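Topology and contacts: notes
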Amino acid sequence: MEFRMTALRRALAAFLAWPRRYHGLLAGALLWGCWMLFGFWRTLLLAVLATVGYIVGRILEENQSWRALVDKLLSDRYTE
């Protein structure tokens, strides 16, 4: 088990050392693959749900309250 974690950490470090254009290339290839496998609307739904999951996870990780987030989103710029 220890060997797997070490190998995974080395692979992750190598991936993060790549230039950002390769990260974008990989993300585009994965998006294209999902589109070809599942279709446009299912892929779009997957992207929306992944985004919502990311936002909820970030809020919970930072111990923010929902009220603070809503107040931040509906700040003075939207009250006119």
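Residues numbered from 1 in each chain as written. Predicted model: local features only at pLDDT ≥ 70, side-chain atom pairs only at ≥ 80, totals over all residues. Heavy atoms only, no water.

**Observations concerning the overall build of the protein**
This is how the line gets drawn: Helix and strand labels come from DSSP, where a helix needs a run of H or I of at least four residues and a strand needs a run of E of at least two; each type is numbered from the N terminus. C-alpha atoms define the radius of gyration, and 2.2 Å times the number of residues to the power 0.38 defines the globule rule. Residue burial is assigned from relative accessible area. The probe radius is 1.4 Å, only protein chains are included, and a residue is buried under 20% of its type maximum, exposed over 50%, and partly exposed in between. To measure how exposed things are, a 1.4 Å probe is used in the Shrake-Rupley method; for residues, cover is taken only from the protein chains shown.
Helix and strand counts for the protein come out as four helices and zero strands. In sequence order, the protein lays out its α and β elements as α-α-α-α. Taking 2.2 N^0.38 as the reference for a compact globule, 80 residues should give roughly 12 Å; the C-alpha atoms of the protein span a radius of gyration of 18 Å, well beyond that estimate. Taken along the three principal axes of its C-alpha coordinates, the protein extends 55 × 35 × 25 Å. Relative to its 80 residues, the protein shows a buried fraction of 5%. Total accessible area on the protein stands at roughly 7600 Å², and carbon and sulfur atoms take up 68% of it.

**A short note on the packing of aromatic side chains**
Rule in force here: Ring pairs shown here join Phe, Tyr and Trp side chains whose ring centres sit within 6.5 Å, with only the six-membered ring taken for Trp; geometry is labelled stacked below 30 degrees between planes, edge-to-face above 60, and tilted in between. Consider the ring centre and the ring normal. A charge sits over the ring if Lys NZ or Arg CZ is within 6 Å of that centre and within 35 degrees of that normal.
A complete count under the given rule lists three aromatic pairs for this structure. With centroids separated by 5.1 Å and ring planes inclined at 65 degrees, the aromatic side chains of phenylalanine 15 and tryptophan 18 adopt a geometry described as edge-to-face. Residues tryptophan 35 and phenylalanine 40 carry aromatic rings whose centres are separated by 5.5 Å and whose planes lie at 55 degrees to one another, so their mutual orientation is tilted. Sitting over the face of the ring of tyrosine 22, arginine 21 holds its NZ or CZ atom 5.3 Å from the ring centroid.

**Let's talk about helix H2 (residues 20-38)**
Just so we agree on the cut-off: A helix is expected to reach a length of 1.5 Å times the quantity of its residues less one.
End to end, H2 covers 27 Å across 19 residues, agreeing with the expected 27 Å (1.5 Å per residue, within 8%). Two residues or fewer after H2 comes glycine 39, characterised by a positive phi angle close to 95 degrees.

**Digging into the packing of H2 against helix H3 (residues 40-61)**
The axes of two packed helices give the description: the angle between them and the distance between them. Put simply, the test is: Think of each axis as a best-fit line through the C-alpha atoms, taken over the contacting stretch in the case of a helix, with angles from 0 to 180 degrees between the N-to-C directions. Angular relationships are summarised with four words: roughly parallel below 35 degrees, roughly antiparallel beyond 145, roughly perpendicular across 65 to 115, and oblique for the angles in between. Should the near helix be turned anticlockwise from the far one by less than a right angle, the crossing is termed left-handed; should it be turned clockwise, right-handed. Contact criterion: two residues are considered in contact whenever any of their non-hydrogen atoms come within 4.5 Å of each other.
Put simply, H2 and H3 touch, their axes get as near as 7 Å, and they point 130 degrees apart. By the criterion of interaxial angle, the relationship of H2 to H3 is oblique. As for how H2 packs across H3, the hand of that crossing is right-handed. Between H2 and H3, the residues in contact are Leu31, Cys34, Trp35 and Phe38 and Phe40, Arg42, Thr43 and Leu46, respectively.

**Let's talk about the confidence of the model for the protein**
Here is the rule: The predictor attaches a confidence to each residue, called pLDDT, with possible values from 0 through 100.
The predicted model of the protein has a mean per-residue pLDDT of 83, with 91% of residues at 70 or higher. Confidence, expressed as mean pLDDT per element, reaches its minimum in the protein at helix H4 (residues 66-73) with 74 and its maximum at H2 with 90.

**Some thoughts on a nonpolar patch on the surface**
To keep things clear, this is the line we draw: Residues forming no salt bridge and having over 30% relative accessible area are the ones grouped into patches, like charges within 9 Å of each other and nonpolar side chains (Val, Leu, Ile, Met, Phe, Trp, Tyr) within 5 Å. Salt bridges, as used here, are contacts in which a Lys or Arg side-chain nitrogen is within 4 Å of a carboxyl oxygen on Asp or Glu.
On the surface, Trp32, Trp35, Met36, Phe40, Trp41, Leu44, Val48 and Val52 cluster together into a nonpolar patch covering about 900 Å² of accessible area. Contributing elements (two or more residues each) for the nonpolar patch: H2 and H3. The element that contributes the greatest number of residues to the nonpolar patch is H3, accounting for five residues. Summarising the element assignment, tryptophan 35 is placed in helix H2. Using a relative accessible area of 42% as the deciding quantity, one classes tryptophan 35 as partly exposed.

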